[in-house]
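Close look at the chain arrangement
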Amino acid sequence: MGTCCSLPVEVRFSDLVRIGLADPFEAEEPAKKLAKRLMKQGVVGHFNHKTEVYMLSRFSNDDCIYLNQKTRLCDIYQNRPDTCRNHPTVGPKPGHCAYKPKAR
């Protein structure tokens, strides 16, 4: 498990489709409507209307909701968002990993 699973996970519409939270045809509808539905379901914690970036919900310990609390493995690993696939080159601070081991 990467420690990045305890960082905020930004996702875009294509990630939501890959994860199975949205259907491709929903791209034609206002992103705000999808965000409202996903927030009500508890899988999205925040939506930025200007950038159309969704933030996945997190447990109270800051773990991603898809990080299995028992196994510490990603429950959606095969379908994980691009932010997770490309960490740390994409995300809130591109090129920065808050949990990167310090050089000795």
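Keep in mind the model is a prediction, meaning the values are calculated, not measured. (Residues numbered from 1 in each chain as written. Predicted model: local features only at pLDDT ≥ 70, side-chain atom pairs only at ≥ 80, totals over all residues. Heavy atoms only, no water.)

**Topic: the pattern of salt bridges**
- On inspection of all chains with the given rule, the structure shows six salt bridges.
- With its nearest N and O atoms 3.1 Å apart, the salt bridge here joins Glu26 to Arg37. Taken as a pair, Glu26 in the loop between α1 (13-19) and α2 (31-41) and Arg37 in helix α2 lie far apart in primary sequence, 11 residues in all.
- A relative accessible area of 12% means that Glu26 is categorised as buried. (Salt bridge = Lys/Arg side-chain N within 4 Å of Asp/Glu carboxyl O. Helix = DSSP H or I, 4+ residues; strand = E, 2+ residues; numbered from the N terminus. Buried < 20%, exposed > 50% of the residue type's maximum accessible area, 1.4 Å probe, protein only.)

**Description of α2**
- Within the sequence span of α2, burial applies to Ala31, Leu34, Ala35 and Leu38. Down the axis of α2, the buried side of the element spans an arc of 100°, and every buried residue falls inside it. Turned more than 90 degrees away from the buried face of α2, the exposed residues are Lys32, Lys33, Lys36 and Lys40.
- In this structure, the buried residues of α2 make contact with α1, β2 (44-48) and β3 (53-56).
- Gly42 sits one or two residues past α2 and shows a positive phi near 90°. (Arc of directions from axis to C-beta. Contact = heavy atoms within 4.5 Å.)

**Section: the pairing of β2**
- As paired elements, β2 and β3 share four bridges and run antiparallel to each other. When the sheet's bridge partners are listed, Val44 is paired in β3 with Leu56. (Pairing = 2+ DSSP bridges.)

**Here's the deal with the sheet that holds β2**
- Strand order across the open sheet formed by three strands is β1-β3-β2, with antiparallel pairing between neighbours. At either margin of the open sheet sits one strand with a lone partner, and together these are β1 (10-11) and β2.
- Across the face of the sheet, α2 comes into contact with β2 and β3 while running at roughly 160° to β2. (Axes fitted to C-alpha atoms, helices over the stretch in contact; angles between N-to-C directions.)

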